[in-house]
Amino acid sequence: MNRVEIHIPDDVSATVDHLELTVEGPEGAVTRRLWYPDVAVSVETVETDEDSVDAVVIETEADDAETNATVGTFESHVRNMVHGVTEGWEYRMEVFYAHFPMQVSVEDDEVVIQNFLGETAPRRTPVRGDTEVQVDGEELTLRGPDKEAVGQTAASIEQLTRVTDKDTRVFQDGVYITEKPGKATAGGA
C-alpha cells in the first residue's frame, strides 16, 4: 500500500468533487481531474506531532511500478496547485527585434503582436486560464495560479514569433522566455 499526504497551509482549502480536486487560496483557484485505476484522492484531517491539519491524501492498494509512478505524478500536481494558489507562477519574456520594431499588446483574452518582420496582419494567440499578461515596453510578465496555463501561454507567445523560412542566425527577431519558475534563467547557469 502506498499513501502520500500533502499538508495544506492554513490559508488554502481543498475539495474533491467526484474525480476533480479543487485547491483555492489567496492567488486564485486551480481545478484538476486526478483519475487513475486503483488510486484514490481525498481530503482528510490527519494527526501530526503537534496538532491535526488538513491534507490531500493520495493512496493505492496496488504495488506495481506504473501505479506508484502515477501516485508520484499526482503528488507533484497537488504540490504545484498549492504553490500556485499561495505564491503563483511567473514567467518573464523579452521582445527582441533588429529589423522591424514590433508592438506587443494584450486585447481582451489575446496577446497581439503587430509588425513582426514587417507583416501587416497581426499575429494573435489566446491567454490560457487565469493567466495575467503584463506588457512593460520590451518585457512581458505572465502570472497565474495554474502552472500549466501560464507555461502554455508563454510557449504559445514564443511559438507565435518563430522564424522558419529565414536564416535564424540573421533573423533573431521574436519574443523569448528569459525566466521560468524555479530556474535562475531559461538558458543560463
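Details of the structure are given in the entry above.
Below is a summary of the structure that appears in this document. (Residues numbered from 1 in each chain as written. Predicted model: local features only at pLDDT ≥ 70, side-chain atom pairs only at ≥ 80, totals over all residues. Heavy atoms only, no water.)

Moving on to a negative patch on the surface. A grouping of D10, D11, E47, D49, E50 and D51 is seen on the molecular surface, where their side chains present a negatively charged patch. By the secondary structure assignment, E47 is in strand 5 (residues 39–47). For E47, a relative accessible area of 65% gives the class exposed. (Patch = residues over 30% accessible without salt bridge, like charges linked within 9 Å, V, L, I, M, F, W, Y side chains within 5 Å. Areas by Shrake-Rupley, 256 points an atom, 1.4 Å probe, with all protein chains shown as cover. Salt bridge = Lys/Arg side-chain N within 4 Å of Asp/Glu carboxyl O. Lys, Arg positive; Asp, Glu negative; His and termini not counted. Charge placed at Lys NZ, Arg CZ, Asp CG, Glu CD. Helix = DSSP H or I, 4+ residues; strand = E, 2+ residues; numbered from the N terminus. Buried < 20%, exposed > 50% of the residue type's maximum accessible area, 1.4 Å probe, protein only.)

Here the phi dihedral of N115 falls at roughly 65°; this positive angle occurs in a residue that is not glycine. When you line up the elements, N115 lands in the loop between strand 9 (110–114) and strand 10 (123–126). Located in the positive-phi region is L117, a residue other than glycine, with phi close to 55°. Residue classification places L117 among the buried residues on the basis of a relative accessible area of 18%.

Note on soluble globular proteins: their nonpolar side chains tend to be buried together. In terms of nonpolar packing, the biggest core is built from 20 residues, with M93, V104, I113, L140, L142, I157 and V175 touching the most fellow members. Looking at this core, the elements with two or more residues in it are strand 7 (89–96), strand 9, strand 12 (139–144), helix 2 (147–160) and strand 13 (174–179). Top contributing element to this core by residue count: helix 2, with 4 residues. Apart from the residues lying within four places of it in its own chain, the contact partners of V104 are V95, V111, V112, I113, V135, L140 and V175. Among the nonpolar cores identified, the runner-up in size contains 19 residues, and I6, V56, V71 and F74 belong to it. (Core = buried A, V, L, I, M, F, W, Y, C linked by side-chain atoms within 4.5 Å. Contact = heavy atoms within 4.5 Å.)

Moving on, we get to the sheet that holds strand 11 (residues 132–136). The 4 strands lie next to each other as 11-12-7-13, forming an open sheet whose pairing is antiparallel. Sheet topology places strand 11 and strand 13 at the edges, where each strand pairs with a single neighbour. With strand direction ignored, the average angle separating the axes of adjacent strands in the sheet is 25°. Sheet analysis places strand 7 next to strand 12, joined by 6 bridges and oriented antiparallel. Note that in strand 12 the partner of E94 across the bridge is E139. (Pairing = 2+ DSSP bridges. Axes fitted to C-alpha atoms, helices over the stretch in contact; angles between N-to-C directions.)

One pass over the full model with this rule turns up 1 aromatic pair. Cation over ring: K147 sits above W89, and NZ or CZ is 4.8 Å from the ring centre. (Phe/Tyr/Trp six-rings, centres within 6.5 Å; stacked < 30°, edge-to-face > 60°. Lys NZ or Arg CZ within 6 Å of the ring centre and 35° of its normal.)

Moving on, we get to the environment of E107. Within the secondary structure, E107 is located in strand 8 (residues 103–107). For E107, a relative accessible area of 34% puts it in the partly exposed group. Residues within four places of E107 in sequence aside, it is in contact with V112 and R124. Among the polar contacts listed, one links the side chain of E107 to the side chain of R124, at a separation of 3.3 Å. (Polar contact = N/O pair within 3.5 Å; in protein donor to acceptor, adjacent residues only side chain to side chain.)

By themselves, these figures tell us nothing about what the structure is for.
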